[in-house]
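# Overview (structure and organization)
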Amino acid sequence: MTGKTLLFAVTGIGLFFALPHMLADFQLFQVCLIAVTALIALGLTVVTGLAGQVSLAQAAFVGIGGYGAAILATRWGVPLWAGIPLSGIVAAMAGFVLGQVTLRVSGHYLALATMAVTAIVQLAFIHMDDITGGAAGMPVPSFEIGGRALTSGGELYYVIVPTTAVLFLIVGNIIRSRFGRAFAATRQSEIAVAAMGVDVLRYKALAFAGSAFLGAVGGGLLAPLASYLDPMQFGIPQSIYYMAIAVVGGLRSPAGAIIGAVVFILIPEFLQAFQSYLGLVFALLLLGFIVLWPNGLSGLIFRRPGARWWGGAAR
Amino acid sequence: MTAPLLSIQDIGVRFGGIVALDGINIDVEPGAIHAIIGPNGAGKSTLINVVTGIYTAGQGSVTFAGQTLNRLKPHDICRLGIARTFQNTELFGEMTALENVMIGAHRSGGYGPFVAATHGFGFAAAESRMRAEAMDLLELVGIAEDAAMLAGALPFGKQRRLELARALATRPRMLLLDEPAAGLRAAEIEALNNILLDLRARRGLTILLIDHVMALVLKISDRVTVLNFGRKIAEGLPAEVRANPDVIKAYLGERAANAIAS
Ligand SMILES: Nc1ncnc2c1ncn2[C@@H]1O[C@H](COP(=O)(O)OP(=O)(O)OP(=O)(O)O)[C@@H](O)[C@H]1O
Ligand SMILES: [Mg+2]
């Protein structure tokens, strides 16, 4: 461990324990919301930013994570701390299967195909009403650990933030490994990477599986935070919303997912007066970044070529 | 006679109405430098793309070291020991030259997903070994000083050499090179020829080399096959092929051929 990473770790852990004393419960709730949103966007960093496969299925995986954990808890009494990773694994398998369509479709058609997946999964939530509560939705049981129920933002903070941090570290490590290079190479030339012995279809499917896992774990953690699930939270607009977060933050690095989440969660706070125009603000942000700064905010901030992992890492 | 390492048998490929390859038979001996030459559109690249599994032949078969390649995917064919370069270069443009070569070494990386996720035991050692190996290959092709350059920013001649280094990183038994000399200056071609001769001598590599300019490849090739309009029109030692009237005709046109013959 270099001195720099040690400093980074100490600062991070210090900040983690200091924040609950500095912020009000409502603000800790927002920190949790930012963390969960960043985790969901990180899935898009992996599948779209790194492996180059456009996915508008993220809201579906978020929904599978949320509903999956909630249903496991209410029907079979599986606690959320076990149900969330379980739903994540189920979503990963679904993501791997979805990844097989990349054999036949790519680019715009892949965007449409994944969008269709979101629509289908949302319809399933609506119509499987005996287990999901249908259009009316269902309440989420509380997150219990060691006989204690965590309900407020300040309590869930101790579960959500460390989980998010660990998953970000793992993804960052994988990006800076031979597997991360193989994903990035797949994005840049499928024909060349196949000639290097890399099974392109398998890697694209693995990228989808990874994004699905991150989306579902994010969805699973979001559920107790939101405390109520309904199918309208997991539609095509939400898939686009998560993509907008990842794009504005910067698709090419995990830091982008965090920056995007901060911007999109905090903007509504500053624009209280413009609540009804929020959709427009987000749409304009997305459009502006795609046209003017395709590398997103993280690309603007970390221009130094040496800043691999936090800057242009996932190239 | 030894058994050929690569055997192309009766390969035929059509694109709509175009017959790109028409019943081609070529045997490449182990350890040989075998050239395939022919004018533009002769079907040379198509042949490499069939061997490496990018195109599927309508007829015929390809065997490598006794194994049929017909139904295999490109990555499987690479894993059997066939590496290639591309005529119009297919580098990973947003990665450095060194990283490009490290992708070639991906399969021999020596650590699994768990170690990758944790950067745990053995990670640093394996990574630095991959890096050193890639650096050696950049050295071999003479672009070590450009290791940190983005591949997309390299001049064309260096991109070609980088493709060669990247192909070598897969640890192949056989190299398929699609016009490696195109766009290179005379001195660069000389250097390339020496590298290829050296690879054969030191690593026992078998090399199938494509070019459409005869003079370049005849110097280092043991055997030459000439394609024209998807057919094999001549095959033999470089000197034999050079003197073949059909070959001269294909390259220079009918009138020039008559002029030379008379
Ligand atoms: N993917 C493809 N689709 C349609 N036609 C193709 C395709 N690939 C090759 N062809 C055609 O097949 C014929 C042989 O092409 P090929 O690229 O193999 O020639 P070549 O000998 O490599 O020529 P060059 O020296 O120009 O590279 C040409 O007529 C070409 O237009
Ligand atoms: Mg060609």
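Residues numbered from 1 in each chain as written. Chains lettered and ligands numbered in written order. Predicted model: local features only at pLDDT ≥ 70, side-chain atom pairs only at ≥ 80, totals over all residues. Heavy atoms only, no water.

## Concerning the domain arrangement of chain B
Residue and element names in this part refer to chain B. Looking at the assigned domains, one finds that chain B contains domain 1 (1–81 + 173–262) and domain 2 (90–171). Just the C-alpha atoms count here: the centres of domain 1 and domain 2 sit 28 Å apart. Facing the 18 residues of domain 1 at the interface are 13 residues of domain 2. Both faces combined, the contact of domain 1 with domain 2 buries some 1,100 Å², and carbon together with sulfur accounts for 67% of it. On the surface where domain 1 and domain 2 come into contact, there are 1 salt bridge. Across the salt bridge formed by Arg161 and Glu188, the nearest N and O atoms sit 3.8 Å from each other. Linking domain 1 with domain 2 are 2 residue pairs in polar contact (both at pLDDT 80 or more). Elements represented by at least two residues in the side of domain 1 that touches domain 2 include exactly α2 (74–79), β7 (174–178) and α7 (186–203). The residue inventory of the side of domain 1 that touches domain 2, partitioned by class, reads 11 nonpolar, no polar and 7 charged. (Domains from an automatic or database assignment. Contact = heavy atoms within 4.5 Å. Buried area = accessible area lost by both parts, 1.4 Å probe. Salt bridge = Lys/Arg side-chain N within 4 Å of Asp/Glu carboxyl O. Polar contact = N/O pair within 3.5 Å; in protein donor to acceptor, adjacent residues only side chain to side chain. Helix = DSSP H or I, 4+ residues; strand = E, 2+ residues; numbered from the N terminus. Nonpolar A, V, L, I, M, F, W, Y, C, P; charged D, E, K, R; others polar.)

## Details of the interface of chain B and chain A
The interface of chain B with chain A comprises 35 residues on the first partner and 27 residues on the second. Per-residue buried area on chain B facing chain A is highest for Phe92, Glu94 and His106 of chain B; these three make up 23% of the total on that side. Residue Glu94 of chain B is joined to Arg187 of chain A by a salt bridge in which the shortest nitrogen-to-oxygen separation is 2.9 Å. Our count for the contact surface shared by chain B and chain A stands at 13 residue pairs in polar contact (both at pLDDT 80 or more).

## Notes on the site of ligand 1
All names here are of chain B. Taken together, 15 residues surround ligand 1, and among them Gly41, Lys44, Ser45, Thr46 and Gln87 come closest. Between ligand 1 and Ser45, the relevant distance is 2.8 Å, taken from an oxygen atom to a side-chain nitrogen or oxygen of the residue. Here an oxygen atom of ligand 1 sits 2.8 Å away from a polar atom, N or O, in the side chain of Gln87. Computed on the free molecule, ligand 1 has an accessible area of 630 Å², of which 66% lies beneath the protein chains in the complex. Contributing elements (two or more residues each) for the shell around ligand 1: β2 (18–28) and α1 (44–51). Grouping the amino acids of the shell around ligand 1 by side-chain chemistry returns 6 nonpolar, 7 polar and 2 charged. (Near = heavy atom within 4 Å. Areas by Shrake-Rupley, 256 points an atom, 1.4 Å probe, with all protein chains shown as cover.)

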